[in-house]
Structure formats: C-alpha cells, structure tokens
Amino acid sequence: MLRSLLFTLCFVLAGSATAVGQILSVDPIFPRQTDTVTIVYDASQGNSALVGISPVYAHTGLITNQSTNPTDWQNVQGNWGTPDPNVIMTDLGGNRHSITYHIPTYYGFAPGTVVQELAFVFRDAAGNTVGRDTDGSDIFYPIYQAGQLATAFINPTNSNLIVNPNDAIQISGAASEASTLTLTDNGTQLQTATGTSLNYTLNVTGTGTHTVILTADNGSSTVADTFIYVVNPPINVSALPTNTELGINYTSGSSVRLYLYAPDKDFVYVLGDFNNYLLDTDYFMNQTPDGNGWWLDITGLTPGQKYSFQYFVDGEIKVADPYSEVVLDPNNDGGIPTSTYPNLHPYPTGKTTDFVTVIQPGRPAYNWQSNNFQRPAEEDLVVYELLVRDFVAAHDYQTLIDTLDYLDYLGVNAIELMPVNEFEGNESWGYNPSFHMALDKYYGTMEKFKEFIDACHSRGIAVILDVVYNHAFSQSPLCQLYWDAVNFRPAPDNPWLNPVEWHPFNVGYDFDHGAQPTKDWVKRVMKYWLEEFRVDGFRFDLSKGFTTQADSTTDVGAWGAYNANRIAIIKDYADYMWSVAPGTYPILEHFADNGEETELANYGLLFWGNLTHEYQEGAMGYSSNPEWIDYQRRGWSNPKLVGYMESHDEERLIFKNLQFGNSGTGYDIRDLSTALDRVELVSNFFYTLPGPKMLWQFGEYGYDISIDDPCRVCNKPILWNYFAQADRRRLYQVTRALIRLKQDYPVFRTTQYNYTLGSAVKKIWLDDANMNVVVHGNYNVVSMQTTADFHHTGWWYEYYTGDSLNVTNVNMNITLTPGEYRLYTDVRLPLPDLDGTITNAEEPVAPDFSRLLAWPNPASERISIRYELTKTGHTDIAVYDLMGREMQVLARGHQAKGEHTVFVDAASLAPGNYLVRLRGAAQTESTQIVIAR
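The structure contained in this document is the topic of the report that follows. Note that the structure is predicted; figures quoted are calculated from it, not measured.

When helices and strands are counted, the protein shows 14 helices and 57 strands. Here the C-alpha atoms of the protein give a radius of gyration of 33 Å, agreeing with the 30 Å that 2.2 N^0.38 yields for 933 residues. Residue burial in the protein is summarised as follows: out of 933 residues, 58% are buried. Intrachain contacts of the protein at a sequence separation of at least 6 include 68% that bridge at least 24 residues. Entry remark: accessible area of the protein is about 34400 Å², with carbon and sulfur atoms responsible for 48%. Of note, the protein has its 58 positive side-chain charges centred 7 Å away from the centre of its 106 negative side-chain charges.

Moving on: the side chain of Asp 454. By the secondary structure assignment, Asp 454 is in helix H5 (residues 446-458). Within the buried set, Asp 454 has no salt-bridge partner at all; the shortest N-O distance to an opposite charge, 5.8 Å, is to Arg 534. In contact with Asp 454, not counting residues within four places along its chain, are Tyr 366, Asn 367, Trp 368, Gln 369 and Ser 370.

We now examine the packing of helix H9 (residues 564-580) against helix H10 (residues 594-603). When two helices pack together, you describe them by how their axes are tilted relative to each other and by the distance separating the axes. For the pair H9 and H10, the least separation of the axes is 11 Å and the interaxial angle reads 20°. One finds that H9 runs roughly parallel with respect to H10. Judged by the sense of rotation from one axis to the other, the crossing of H9 with H10 is right-handed. When H9 is examined against H10, the residues Arg 566, Ile 567, Ile 570, Lys 571, Asp 575 and Trp 578 are found in contact with a partner set consisting of Glu 596, Glu 599, Leu 600 and Tyr 603. Grouping the constituent residues of the contact of H9 with H10 by class yields five nonpolar, no polar and five charged.

We now examine the state of the cysteines. Linking two cysteines covalently through their sulfur atoms gives a disulfide. Per the counting criterion, the structure on display carries one disulfide. With a sulfur-sulfur separation of 1.9 Å, Cys 711 is cross-linked through a disulfide to Cys 714. With the S-S bond torsion at 100°, the cross-link from Cys 711 to Cys 714 turns out right-handed. According to the relative accessible area criterion, Cys 711 is partly exposed, its value standing at 28%.

Our next topic: the sheet that holds strand E22 (residues 293-298). Sheet strands line up and pair through hydrogen bonds in the backbone, either parallel or antiparallel. Pairing is antiparallel across the open sheet formed by four strands, whose spatial order is E18-E19-E22-E21. Only two strands of the sheet have a single partner each, and these edge strands are strand E18 (247-252) and strand E21 (286-287). Summarising the sheet, E21 and E22 pair through two bridges and their orientation is antiparallel. Opposite Asn 286, over in E22, you have Trp 295 as the bridge partner.

To continue, consider the sheet that holds strand E38 (residues 606-610). Here we have eight strands rolled up into a closed barrel, ordered E27-E28-E31-E36-E37-E38-E39-E42, and parallel in their pairing. In this sheet, neighbouring strand axes are inclined to one another by 25° on average, regardless of whether the strands run parallel or antiparallel. As paired elements, strand E39 (residues 641-644) and strand E42 (residues 693-696) share two bridges and run parallel to each other. Of the residues in E42, the one forming a bridge with Tyr 644 is Met 694. Those strands touched by H5 are strand E28 (414-417) and strand E31 (462-467), and its axis lies near 135° from that of E31.

Scanning all chains against the criterion turns up 37 salt bridges. With its nearest N and O atoms 3.0 Å apart, the salt bridge here joins Arg 132 to Asp 138. Between Glu 245 and Lys 527 there is a salt bridge, with its nearest N and O atoms 2.8 Å apart. Of this pair, Glu 245 sits in the loop between strand E17 (222-231) and E18 while Lys 527 sits in helix H7 (residues 516-532); the two residues are 282 residues apart in sequence, bridging distant segments of the chain. Among the ionic contacts, a cluster of salt bridges with common partners joins Glu 325, Arg 363, Lys 450 and Glu 532.

Both faces of strand E36 (residues 537-540) are covered, namely the face carrying Gly 537 and Arg 539 and the face carrying Phe 538 and Phe 540. In terms of strand pairing, E31 meets E36 through four bridges, oriented parallel. Each bridged residue has a counterpart across the sheet, and for Val 467 the counterpart in E36 is Phe 540. Two elements, E36 and strand E37 (residues 585-588), share four bridges in a ladder whose sense is parallel. Bridge assignment links Phe 540 to a residue of E37, and that residue is Leu 588.

Here we come to unusual backbone geometry. A cis amide bond links Asp 709 with the next residue in sequence, Pro 710, at an omega value of -5°. You can see Pro 710 is positioned in the loop between E42 and helix H14 (726-744). Asn 857 connects to Pro 858 through a cis peptide bond whose omega is 10°. A positive phi angle, close to 65°, is found at Asn 95, a residue other than glycine. Along the chain, Asn 95 falls in the loop between strand E7 (90-93) and strand E8 (96-102). We note that Asn 243 has phi near 60°; this positive angle belongs to a residue other than glycine. Its place among the elements puts Asn 243 in the loop between E17 and E18. For Asn 243, a relative accessible area of 77% gives the class exposed.

Glancing now at H5. With 13 residues, H5 extends 18 Å from end C-alpha to end C-alpha; this agrees with the ideal 18 Å at 1.5 Å per step. By the burial criterion, the buried members of H5 are Met 446, Phe 449, Lys 450, Phe 452, Ile 453, Asp 454, Ala 455, Cys 456 and His 457. Within two residues after H5, Gly 460 carries a phi angle of roughly 80°, on the positive side.

Attention now moves to the packing of aromatic side chains. Taken as a whole and assessed by the stated rule, the structure comprises 66 aromatic pairs. Ring centres 5.7 Å apart and planes at 85° place the aromatic pair Tyr 615 and Phe 686 in the edge-to-face group. Of the two residues, Tyr 615 is situated in helix H11 (residues 612-619) and Phe 686 in the loop between helix H13 (672-684) and E42; the sequence distance between them amounts to 71 residues. Chaining the aromatic ring pairs together yields one cluster made of Tyr 384, Phe 391, Tyr 406, Tyr 409, Phe 698, Tyr 701, Tyr 703, Trp 720, Tyr 722, Phe 723, Tyr 732 and Trp 855.

Before going further, it helps to spend a moment on the environment of Leu 62. Inspection of the secondary structure assignment puts Leu 62 in strand E5 (residues 57-64). Along the sequence, Leu 62 and Ile 103 sit 41 residues apart, while their C-alpha atoms lie 9.8 Å from each other. With residues near it in sequence (within four places) discarded, Leu 62 still touches Ser 67, Asp 72, Trp 73, Gln 74, Asn 75, Tyr 107, Phe 109, Val 115, Glu 117 and Leu 118.

Take H10 next. Owing to its 3.6 residues per turn, the α-helix brings residues three or four apart onto one side. Within H10, the full set of buried residues consists of Glu 596, Glu 597, Thr 598, Leu 600 and Ala 601. Structurally, H10 contributes buried residues whose contacts are with H9, E37 and E38. With a side-chain oxygen positioned 2.7 Å from the backbone nitrogen of Gly 595, the residue opening H10 is Asp 593. Gly 604 lies just past H10 and shows a positive phi near 125°.

The rules we used
- Residues numbered from 1 in each chain as written.
- Predicted model: local features only at pLDDT ≥ 70, side-chain atom pairs only at ≥ 80, totals over all residues.
- Heavy atoms only, no water.
- Helix = DSSP H or I, 4+ residues; strand = E, 2+ residues; numbered from the N terminus.
- Rg over C-alpha atoms; globule rule 2.2 N^0.38 Å.
- Buried < 20%, exposed > 50% of the residue type's maximum accessible area, 1.4 Å probe, protein only.
- Contact = heavy atoms within 4.5 Å.
- Areas by Shrake-Rupley, 256 points an atom, 1.4 Å probe, with all protein chains shown as cover.
- Lys, Arg positive; Asp, Glu negative; His and termini not counted.
- Charge placed at Lys NZ, Arg CZ, Asp CG, Glu CD.
- Salt bridge = Lys/Arg side-chain N within 4 Å of Asp/Glu carboxyl O.
- Axes fitted to C-alpha atoms, helices over the stretch in contact; angles between N-to-C directions.
- Parallel < 35°, antiparallel > 145°, perpendicular 65-115°, else oblique.
- Left-handed = near helix turned anticlockwise from the far one by under 90°.
- Nonpolar A, V, L, I, M, F, W, Y, C, P; charged D, E, K, R; others polar.
- Disulfide = S-S within 2.5 Å.
- Pairing = 2+ DSSP bridges.
- Expected span 1.5 Å × (residues − 1).
- Phe/Tyr/Trp six-rings, centres within 6.5 Å; stacked < 30°, edge-to-face > 60°.
- Polar contact = N/O pair within 3.5 Å; in protein donor to acceptor, adjacent residues only side chain to side chain.

No statement about biological role is implied by the geometric values presented.
Rendered as structure tokens:
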C-alpha cells in the first residue's frame, strides 16, 4: 500500500492536476525526485498556528536513503529565525501560501541519493510561531520513483475512518498514469473508470468493518491503495471488573484487560498486532458507568508472545498506554544497540505512527535471588548518585552490574539512579519524561534491570530511583489525550496537567497534584516500581511543585513558603508508598520553608541537603560555614537530611578549586595535587557529621570536568583512568575510609555532637559511650595554631597516621599547616590504606587472597584489578584467553601484604571474554572474568 495516507498529509483532489489540500497540496500529485513541484500550505489546517501570519517561510528537507529514521531530515533548506529568501512563500490569500522549486536543484542532494519524502514545518520570520501537523509533528509528503505506477486515495484523508449510519463518504482516487481504476467495498465493486482519476460518493448503509480498495491496472502492472471505514456499534456501558488497575492488567497467560482513563471522550478502539492495526468492532472498548473510563478484555493471545498496541480515541488521537511498561519509538529505537536490548519487538512500520505499547501475556517471572534484603538504616545511608550514560561507556545495566565490585569496595550502601523511565530521545539526563512507568530501553531490558537490583541487594546496597512527578513532556499520552495543538500545550480540559505552568523553575508541562486523576496516576506508577522491581525508594524531583492550581504562584518566595495543602499531598504519597513497601525511602528535592521541611521530616520523609556552595567555598580556601548540613541545626527531630557536596545539578569541587582556588606563600589550591587535598579536607567535615550522605559519581576521584563542558546536560567523559593517578587514588581511599568509619562505628550516628564550622579552623566533636572523636581542619592557606579541645586527658590516636598522643592538657595548642586535617579518636582504630600498598616486610609465606575486583567491566580501554593479600609472598597475576593462553602479565614476583591495584590493557585485546588469574606460592588461586569491548 502507498504511504501517502499513512503520513497524515491530508490532501484532496479538485478535478485537475492541482490538489487543494487540508494541510498541503502538491502539483504534481505523484512527484518524482527530478520534478519541479508547487507546494501549497493551508495555515488554517494542521495546528493552525500561522493563521493570519504573512509572510510564511517553508523550513524543508528530505527523507532519503541516508536518513537513519523516518524523521531524520537531510539537505535542510532554510536558516531558522531569519527572513531567508530561499524559503519564503507567496501569500495566496485565505491563509494559503505557495512555493515552487525544482527538487534536485533546490535541495542539492548528491548523485545516487534516493529521495523518499519531502519534509516540512512552516514558520514566521523569527521562527517563534511554527505550523505543524495536527498532532504537532512534522509534515511529510511522499516522493515516487520514475516508472513506478502509483495509485492513492486522495479523499478520505484517513486510512482508518470512522463513520455513522447514513453518512456519505466522498471518495477521490488518482493514478500516476492512465489505468483502469476499480473501486470495491468488502469485495463488492462500486465503480470502475479509465484514466488517472476516479470520484465516487459512498452512502454508508452497512455496519461493522469495511475495507475499501482502489486498484490501478495499466496493462503491465497493478497497484492498489486501501482505507478502512467502520460504522461504530452502540457504546456498551459496563462496570469495570473488580481488581482492575489503570493501564495493563494480565488476566491470564493468554489474555489482557486494558483500562484507559479518558473522561469526555466519545469512543475508543484498540489497534494492535492482534488486528493488524485495523479498525475492528471487536476491539471497541466498553465505557464505565461514570463515563470516565474505557476497558476491554483481549483474549486468545499466545502465552509468552509479545504484542504491540495503541488506543485510537475519537477517531483522531493515537496514543500508547500511559501506563506502558515497554514502548516502541519509531524515531529513536534504531539507536539502541542489540547488545543492550536484544530481541526488541519490531515496530509496526507502515501500519501506524507514534509510540506503541508492548505487552507480553504469560511473561516468564524473574527469579529473584536476594529475597531477604534488609535496607540500611536511614542515618547510615551513603548514597552514590549516578547517570548510567556517563558512568559506564556501554551505558547498559550489564556493565553497571559488572561494576558493582567497585561501588561495593568504596562502601556505598545505596545507589541513586538518575531517571531511567522512558524519556525523549536516547541520551538524556532523564528529566524530560514521556512514559513514567516504562523503562527506557537505551539502558537495557526489564529483566536486566531487575538483575541489577537483585545484584545490589545481594551486596546490601539499596537502589533509589530519581522520579519526575512534577511534569511530563509533550510525547506523554497524558499530554496527547487532551492537547491544544495551536498553542502546543495541554488543553484546558486535561485531567492531569496544567495548560500553563503554575510555579517557577518548571520544565515541561506541570501536573496539578490537587486533581484526583493526578494522585491516582502517581500512586499507580509508584506501586509498579516498588512491586515489579523492588526498588527501595524514590528521590522526588522538584517536589516543591507538588501543588494545586489554587496554591500555585509564579513568585519564587511565595512558592517556597509553608504550604499546608502541599504538605498534605506529599504525606498522602508517602503513606501510600509505605503501605505498598514499608521502610522504603521517600527523598524530596524540596528546598522550601524550613517549617514545612521540619513537619515533613518529623513525619518520616527525607530531604536532599544542598551544601555545595559552602563546601566549595571552604575547599577553595574562602570563608564558609556548612552547619546547615546538620539536621539538629535545622530543628529536626531525626536525621532526615541527605547532605551532599556535589550532585548532578552542581559544579564540581575540583573544577572550582582549579579555576578559582585561593593561594598563600608556597601553597596554591589551583595546583591539582593541592586541589585534591582540599577535597580530602572538606570530606572530613562532611562524612563525620551524623546523618545520611550522598556523593556524585567520580567525586571520590575529584572529577574535574565542568558541569557546563560542553553543555550542562551533554555527555561527559568517563574517566576511569583516574584510579591510576596516585593523588586521585588517595582521595578515593580517604573517601572510602570515611565511609567505613561512618558505617562501622556508632559514634558517627550519635545525637551528642558539636562543632565550630564558621571559622578558618573548623572542628567537630562526637560523643559516644564507647568512643569519642575530634576532627580538626585548617581551611586557610596559611598555617594556623588552635587549641585541641579534646574531650578528656589521656591517650588519643590520629586515625590517618596512627600517631599516639598522650594528652595532659585538653586545651593544648596544635599547629595545622594549610589544608591539614586530623581525626582523633580515644580508641585505637586500624590504619586505613591510603595509597593501596603496604610496605611493611614480613616473612615470605604463601598468600591468601580476597576481594579480587574488576572495574569497569566490560571496558574498551583499561580495566582496574584490585586484590588483597593477607600475607606477604610470591604472587602471579596475569590475563588469559579462554584457551588458556597467557595474554598479559599484570604482576609477577614478591608482593607485600595488603591491597594492590593493577591494570588490564583492554585496548590491546581483541573483543571478548578473558580470565584474570591470581596465583600464590602455595598454588592458591582466584579468577575473575573480564570483558574487552
């Protein structure tokens, strides 16, 4: 079938070679890529954005055999935002505008190019107002190949047509050359004609589904075009079966119940693989008695088989299910490697457009291995925030699983993933959500994501999802079901979304959380992630936006003020979350009035605590006071503040140090080694204060690429090679040591503590029945003398050096060099390993091994291998292929007791699987699989 009707081009034959269209008319009707064409655009059609505007500019390009997807424009003409004479159109009056050009000359495509379609959007001179198709999409018109017999229905303009009894359908058809044209309805001939056009009035008398076919026969070849019309049956009003949730409900291994909330709609069909995306009254949805919902049972499906489907609403709107678990995107799925998402269900190309939902009745259940996971106590949380795209080069869950050794060794006990639900495009931070319940396929499959969570739980690591319930972007079905195409925003009758944002700093289209449909939607989505994937909590993005229209304001100060209605909404969400999964973590990105945060914290919610500015200023050697990281300073009863020095939203500490660091005589914070030392300093005044903490990916190495290089949300380099640099490795070890202290010793969760954080020399005192701690740090760029202020006299021990100090005067003076820090305890603790090697000689004996870790794994450049020897002795560690051939020697000879790191040169290996084998003198052995890409 020709694609002309499947691209919503909407043009009508008017008895001559010129087609007068609803959006476009093109002369000739069947253009070849060598033709001269006249394009007429009717600005009153489509989204009608350019009504009354003149002149109009045609921003245009081609879809060719070089396009990577159906919307990948090539040979674009027109400079956006300028009154470009190359694309200006002639005003014909009546909101109609024309432009004529020779296709090959105008677009200048290379020899051998096959032009498949012309692509258009239309604009005013500045590009501020844009004319598009009715649904906001680009406008396409097909190009026909030379010598190709073509036929098409010019009217009706929709290949799936819904009519009423006694309607008259005006049918017009055309052929590219003289032919015998035959028109049939369900096999019954309606008319025949000879020439290049046919016109017929079809009076609707039948019921059900009708297939109308136009056939053109020129004596040597035959082609046909088809449209379907359906006479709607009466609406069946029927109560929703019990235990039916919004969206997709699997009722058996071969059946599914679909439930769409869509008030004020007239009717809904389901189109899918099971009916070849054709209108069929067997897939006409039932309406609930309140008129707000539509539901349908689909039976006879094959267990385990995948199917795709859409809703077709009022004969105008095609949308995927708002509660989809998997969606297909015709424009971006081609950019997902099969290694990341194998066996992706094929998109129904040529049968429909836009997103479709994938279902799989009888889907095999995931076999969870970790079924007794105990979530870390909130006060002990050390959360590692990461963006999969910028953390592992393969940007997939399998590589993330293979890198858990690294995070486990660091000591973090929670991983917070930036949004992983379906977002616009493939590469993104994820705050432009399209489907809040569907996992974005760019990172991997549902099964692999479950495997990742399972692997985390087996290591005692919780998984927290960053979720975006403040807003949706235009691709969301919640937008498209009630959409104002003229203004490109949700329509006033949208049940969930505000047409215009109601609070500052909003992106996308914000939800009205005072509306019951929005509350139902949020709860349904939360329940899915908690039950289906066993996630351990949510970080609620922009939770201060969880407001009602009545409470909203565009004034920043008023928006952040105490809001009782917002508090009630958030408490309701938290209660529901805990009812589904008790003990899960609700973390708010709130930054509102402290009275509001105090009330919610005392209720049990946690908060992001942004202390980036104060820690940055201190690290750079300037005046700072980070005391607001203390939950008690805020007047909270419990440690509910997830404090952080860096997050995805903040500039990196090391970058600031290197660019703007202070300096003194012989001391310059802009020197890399000193800049890293300064992060060690501030870390001692971060992790030691009681309460949960968060660090941003690679902060433990001193990541120094600016957040704005090359742009805020652009891909950032993945710098695992940092571990090979001694100064960065020391920062990693200091961070690891502080995390271990926090989690292993009760004093770091005490409620009895004090501090002085506003001066150049900062101090923290921690009190516990079993151990006391004093932390000193010189934030200045010159040496400083201060009093020690120990809790008591007697022996104290400096944690990092092991130095013993017999204190006879608790107020003794100590001198701290620039940037120096000390952490004293009155109980001797094991020395931390700050460089990864131990040089103390012992008698050579056969070593025992533990912690043979590899990261990143897989990798295309270098893989770090870390291992621990419990005894000094001869060690042999090498890389072997699967045939047992030695490929690389990593270390061979006498090695001291302690932790060691060596590196696999993955770049020199052919892609594949290899074994890293560690052997000792007594033939003890440990192996680890590594993968070179």
